[in-house]
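Residues per chain, in single letters:
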Amino acid sequence: SAGMHSSVREIHTSSEPGSSYFLRVDWRGRGLGSGFQLLLTDGQHAWRGDVSEAAVCGEAEELEMETERYIRDLQQALTEAENSATYSFTLTPSPPDHSSTVTLAYEKVQKDISV
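Below is a short write-up of the structure. Here the structure is a predicted model, which is why all the values come from computation and not from measurement.

Quick notes on the rules
Residues numbered from 1 in each chain as written. Predicted model: local features only at pLDDT ≥ 70, side-chain atom pairs only at ≥ 80, totals over all residues. Heavy atoms only, no water. Helix = DSSP H or I, 4+ residues; strand = E, 2+ residues; numbered from the N terminus. Rg over C-alpha atoms; globule rule 2.2 N^0.38 Å. Buried < 20%, exposed > 50% of the residue type's maximum accessible area, 1.4 Å probe, protein only. Lys, Arg positive; Asp, Glu negative; His and termini not counted. Charge placed at Lys NZ, Arg CZ, Asp CG, Glu CD. Expected span 1.5 Å × (residues − 1). Contact = heavy atoms within 4.5 Å. Phe/Tyr/Trp six-rings, centres within 6.5 Å; stacked < 30°, edge-to-face > 60°. Core = buried A, V, L, I, M, F, W, Y, C linked by side-chain atoms within 4.5 Å. Salt bridge = Lys/Arg side-chain N within 4 Å of Asp/Glu carboxyl O.

1. Notes on the overall build of the protein
Stage number 1. Each helix and strand in the protein was counted, giving two helices and six strands.
Stage number 2. What you see for the protein is a C-alpha radius of gyration of 15 Å, in line with the 13 Å of a compact globule of 115 residues.
Stage number 3. When the backbone C-alpha atoms are referred to their principal axes, the protein occupies close to 45 × 35 × 25 Å.
Stage number 4. Scored against the burial criterion, the 115 residues of the protein give a buried share of 31%.
Stage number 5. One way to put it: in the protein the 9 positive side-chain charges average out to a point 7 Å from where the 18 negative ones average out.

Quick look at the structure:
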């Protein structure tokens, strides 16, 4: 649908094992492809970010990924709580400084196969 959508999920960062943050994502339309807003909070401080459609496409290009696939990954990482084990998050600076810009990065955790 073309309306606004929101999701909230809890994330843990690898650099601060004991900490937890809540990530809220707001987007319009079918998915994150047309841009979205982020709100990250630790319960005391909050950080906001805007990601444009151009930024999403540019990032996909840089990673040499199909845009559709990149958006699917992004949506899984940022909005679907049941995938939390599949992605690892890092926040820089860590712990974050409430007066500065923070960077939230995520990485798909590849399952190790023991042979």
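Now that the structure has been shown, we can carry on.
2. Concerning helix α2 (residues 67-79)
Stage number 1. The end-to-end C-alpha distance of α2, which contains 13 residues, comes to 18 Å, matching closely the 18 Å that a straight helix rising 1.5 Å per residue would cover.
Stage number 2. Buried residues of α2: Y70, I71, D73, L74, Q75, A77, L78 and T79, and no others.
Stage number 3. Those residues of α2 that are buried are in contact with β1 (4-13), β2 (16-28), β3 (36-41), α1 (53-62), β5 (87-92) and β6 (103-108).

3. Some thoughts on the side chain of S7
Stage number 1. As for its position among the elements, S7 is in strand β1.
Stage number 2. Its relative accessible area of 11% is what places S7 among the buried residues.
Stage number 3. When neighbours within four sequence positions are excluded, S7 is seen to be in contact with L23, R24, V25, W27, L78 and T79.

4. Description of the packing of aromatic side chains
Stage number 1. What the rule picks out here adds up to one aromatic pair.
Stage number 2. Ring centres 5.6 Å apart and planes at 70 degrees place the aromatic pair Y87 and Y106 in the edge-to-face group. One end of the pair, Y87, is in strand β5; the other, Y106, is in strand β6, and 19 residues separate them in sequence.
Stage number 3. The class for Y87 is buried, based on a relative accessible area of 4%.

5. What to know about the nonpolar core
In summary, soluble globular proteins display a tendency toward joint burial of nonpolar side chains.
Stage number 1. Ranked by internal contacts, the top residues of the largest apolar core, which has 21 residues, are V25, L32, F36, L40, L74 and L78.
Stage number 2. Sort the elements by how many residues they give to this core and α2 lands first, with five residues.
Stage number 3. Setting aside its immediate chain neighbours within four residues, V25 contacts H5, S6, S7, L32, F36, Q37, L38, L78 and T79.

6. Structural notes on the pattern of salt bridges
Stage number 1. Per the counting criterion, the structure on display carries two salt bridges.
Stage number 2. Notably, a salt bridge pairs K108 with D73, separated by 3.3 Å at the nearest N-O pair. You can see K108 sitting in strand β6 and its partner D73 sitting in helix α2, a full 35 residues away along the chain.

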